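Geometric and topological summary
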Amino acid sequence: MGRALGILGCCLALALLPLPAAPRGPALRPRRQPRPGGRSADTACKNRPLDLVFIVDSSRSVRPEEFEKVKTFLSEMIDTLDVGERTTRVAVMNYASTVKVEFPLQTYFDKASMKEAVSRIEPLSAGTMTGLAIQTAMEEVFTEEMGARPATFNIPKVVIVVTDGRPQDRVQDVAASARTAGIEIYAVGVDRADMQSLRIMASEPLDEHVFYVETYGVIEKLTSRFRETFCAVNVCALGTHGCQQLCVSNGVSHLCDCYEGYTLNPDKRTCSAVDMCAPGRHECGQICVSNNGSYVCDCYEGYTLNPDKKTCSAQDMCAPGRHDCAQVCLSNDGSYSCGCYEGYTLNPDKKTCSAADVCAPGRHDCQQVCVRGDQFYSCDCHRGYTLNPDRRTCSRAITSSLVTTEESCKCEAITALQDSVTSHLEALSKK
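My aim in this report is to walk through the structure given alongside it, one point at a time.

Conventions adopted
- Note on numbering: residues in each chain are counted from 1, in written sequence order.
- With pLDDT at 70 or above as the cut-off, local features in this predicted model cover only qualifying residues; side-chain atom pairs require 80 or more to be listed or tallied, and sums for whole chains, interfaces and linings still use all residues.
- Only hydrogens and water are set aside when side-chain values are computed; all heavy atoms of the structure are taken into account.
- Numbering of helices and strands runs from the N terminus; a helix is a DSSP stretch of H or I covering at least four residues, while a strand is a stretch of E covering at least two.
- Burial here depends on accessible area, computed with a 1.4 Å probe over protein chains only, as a share of the maximum for the residue type. Under 20% is buried, over 50% is exposed, and the range in between is partly exposed.
- Whether two residues are in contact is decided by their heavy atoms, any of which lying within 4.5 Å being enough.
- In this description, accessible areas are obtained by the Shrake-Rupley approach with a 1.4 Å probe, and a residue is regarded as covered only by the protein chains that are shown.
- Here, strands pair whenever DSSP counts at least two bridges between them.
- What counts as an axis is a line fitted to C-alpha atoms, over the stretch in contact for a helix, and the angles between N-to-C directions run from 0 to 180 degrees.
- Think of a nonpolar core as a cluster: buried Ala, Val, Leu, Ile, Met, Phe, Trp, Tyr and Cys residues, connected wherever their side-chain atoms sit within 4.5 Å.
- Small angles under 35 degrees read as roughly parallel and large ones over 145 as roughly antiparallel, with 65 to 115 read as roughly perpendicular and the rest as oblique.
- Two helices that cross are described as forming a left-handed crossing if the nearer one is turned anticlockwise from the farther one by less than a right angle, and a right-handed crossing if clockwise.
- Three residue categories are used. Nonpolar comprises Ala, Val, Leu, Ile, Met, Phe, Trp, Tyr, Cys and Pro, charged comprises Asp, Glu, Lys and Arg, and polar comprises the others, including Gly.
- In this description, a disulfide is simply a cysteine sulfur pair whose atoms lie within 2.5 Å.
- Any carboxyl oxygen of Asp or Glu that lies within 4 Å of a side-chain nitrogen of Lys or Arg is treated as forming a salt bridge with it.
- The arc in question is the one spanned by the directions pointing from the helix axis to the C-beta atoms.

When you go through the protein residue by residue, the secondary structure sums to 8 helices and 24 strands. The burial tally for the protein puts 39% of its 431 residues in the buried class. Long-range contacts, defined here as pairs at least 24 residues apart, represent 54% of the contacts in the protein between residues at least 6 apart. Here the protein has roughly 24000 Å² of accessible surface; of this, 51% comes from carbon and sulfur atoms.

Spelled out as structure tokens, the structure:
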């Protein structure tokens with residue numbers, strides 16, 4: 001990474017005063033020649049994606065009008081960058097004896113908002129704790145929580161320190177730790193800046209990372225040099241990248257990416273829709289229906305989707321027109337079953353009803369006779385019995401009658417005849 005961005009030094013050298021005892025950097029590389037057909041290669045030339053942090057000194061030695069020049073420099077630098085969530089992310093830190101993160105890498109992804117935030121920066125006015133500022137950048141700003149891209153993205157992490165004084169803390173060890181962590185440090189000294197301190201904090205080679213300008217009035221000249229340094233052929237703009245959805249330029253190379261709701265396939269070029277209905281990816285109460293990188297919620301049969309479009313409520317399946325029961329509908333947690341009125345039984349189709357045989361064995365409590373009605377029954381008794389008051393059981397009937405004289409004579413005659421026959425039979429049996 002150091003070599004990748006190291007040409008910044010040689011690009012800036014023409015606009016800066018030479019460093020004491022430091023070799024002069026090589027000349028600027030020539031601008032690319034237009035391609036055949038008149039199309040310049042610069043049309044595909046944007047700065048490579050960076051996670052870029054400006055650390056600006058606003059100690060008491062920086063006069064208010066000089067600090068305004070620093071803010072102008074930052075704004076013009078932002079104009080030269082390809083700012084965006086997937087391209088270059090920018091953070092600005094302000095330091096004196098304390099450190100203030102004016103905005104981290106994840107706050108702004110458009111130039112207008114970023115420049116507006118820069119215009120509102122106020123100087124802190126006391127001390128020059130450069131080491132503390134670099135340490136804060138390393139431990140807080142260059143984190144994924146604050147917007148830095150993961151290491152697997154291979155996005156260079158770059159710091160540009162602008163100061164006009166001597167650090168009042170031990171910047172050497174902190175800067176060494178930052179460089180070891182993969183952060184490339186450029187040190188720009190202005191006016192009274194301590195050159196040895198600049199060289200201690202900057203990345204190697206020093207003649208490509210340490211710069212000095214006499215006044216804040218000429219610091220704006222650095223912007224065009226940064227533009228040339230960070231310019232790289234944008235492979236994505238050339239149309240030869242082969243990415244199905246998104247192409248992210250990475251300097252001389254590129255990476256493919258996908259729209260939200262899609263994931264990059266193992267071929268690192270094509271994309272597949274994410275299963276938005278996988279466990280933990282949706283908020284549906286019952287059914288999740290994947291829909292081309294998104295999803296909608298639905299409900300099981302017998303339930304309806306609530307207004308929140310996520311949860312479900314059981315329907316009244318026995319509401320008129322929702323069931324086909326002939327007599328009684330019994331709702332059952334999103335479903336239903338059919339029943340019948342008393343005196344009827346459910347037919348095998350489980351929907352219609354037939355009148356029940358109320359006098360079938362076991363269906364009535366009559367002691368002797370069950371008499372069927374339309375839907376009900378009544379009890380009765382056999383001949384010679386009468387129905388008790390409980391209307392269920394029966395008792396033997398008590399009968400009485402008047403006997404006439406004629407009938408009485410007939411009875412006596414019959415009795416006499418029986419006695420005579422019996423006597424004759426007994427006599428014959430004795431002979």
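Time to look at the sheet that holds strand β6 (residues 183–190). Strands sit in the order β4-β3-β2-β5-β6-β7 across an open sheet of 6 strands; the sheet is mixed. The open sheet terminates on both sides in strands that have one partner only, identified here as β4 (99–103) and β7 (210–213). For this sheet, the mean angle separating the axes of adjacent strands, direction not counted, is 20°. The pairing of strand β5 (residues 157–163) with β6 spans 7 bridges and is parallel. Along β6, the bridge assignment pairs I160 with Y186. The sheet strands contacting helix α2 (residues 64–80) are β2 (51–57), β3 (89–95) and β5, and the helix crosses β2 at an angle near 170°.

A few words on the nonpolar core. Soluble globular proteins tend to bury their nonpolar side chains together. In terms of nonpolar packing, the biggest core is built from 32 residues, with F54, I160 and V162 touching the most fellow members. Breaking this core down by element, the ones donating at least two residues are β2, α2, β3, α3 (111–119), β5, β6 and β7. Counting residues per element, this core draws most heavily on α2, which supplies 6 residues.

Next up on the list: the packing of helix α4 (residues 130–141) against helix α5 (residues 171–180). Following both chains from N to C, one finds α4 and α5 inclined at 20°, their axes separated by 8 Å at the closest point. Of the possible angle classes, the one that applies to α4 and α5 is roughly parallel. Considering only the axes of α4 and α5, their crossing is left-handed. Here α4 contributes T130, G131, I134, Q135 and M138 to the contact with α5, which in turn contributes V171, V174, A175, S177 and A178. Among the residues making up the contact of α4 with α5, the classes are represented as 6 nonpolar, 4 polar and no charged.

Right, let's get into the state of the cysteines. Within this structure, the stated rule accounts for 11 disulfides. Note on cysteine connectivity: C325 is disulfide-linked to C338, with sulfurs 1.9 Å apart. For the disulfide bridge between C325 and C338, the dihedral angle about the S-S bond is near -80°, and by the sign convention the bridge is left-handed. Taken together, the residues C325 in the loop between β16 (312–314) and β17 (328–332) and C338 in strand β18 (residues 335–339) connect sequence positions 13 residues apart. By relative accessible area, C325 is classed as buried at 11%. Disulfide partner of C359: C370, at an S-S distance of 1.9 Å. Measuring the twist about the S-S bond at about -70°, one finds the C359-C370 disulfide to be left-handed. Of this pair, C359 sits in the loop between β20 (353–355) and β21 (369–372) while C370 sits in strand β21, and the two are 11 residues apart along the sequence.

Let us look at the pattern of salt bridges. According to the stated counting rule, one finds 16 salt bridges in the structure shown. Note that D257 and R86 form a salt bridge whose closest N and O atoms lie 2.1 Å from each other. A residue pair is termed long-range when its members are at least 10 positions apart, and D257 in strand β10 (residues 253–257) and R86 in the loop between α2 and β3 qualify at 171 residues. D257 sits in the partly exposed class, given a relative accessible area of 23%. Residue classification places R86 among the partly exposed residues on the basis of a relative accessible area of 38%. Note that K310 and E283 form a salt bridge whose closest N and O atoms lie 2.9 Å from each other. Here the residue K310 occupies a position in the loop between β15 (303–305) and β16, and E283 occupies one in the loop between β12 (271–273) and β13 (287–291), the gap between them amounting to 27 residues. Accessibility expressed as a relative area gives 33% for K310, which makes it partly exposed. One connected set of salt bridges, linked through shared partners, spans R63, E65 and E66.

This part covers α5. Within α5 the residues assigned to the buried category are V171, V174, A175 and A178. In an axial view of α5, the angular spread of the buried residues amounts to 95°, which keeps them on one side of the axis. Of the surrounding elements, those touching the buried residues of α5 are α4, β6 and α6 (195–201). G182 occupies a position one or two residues after α5 and carries a positive phi of about 95°.

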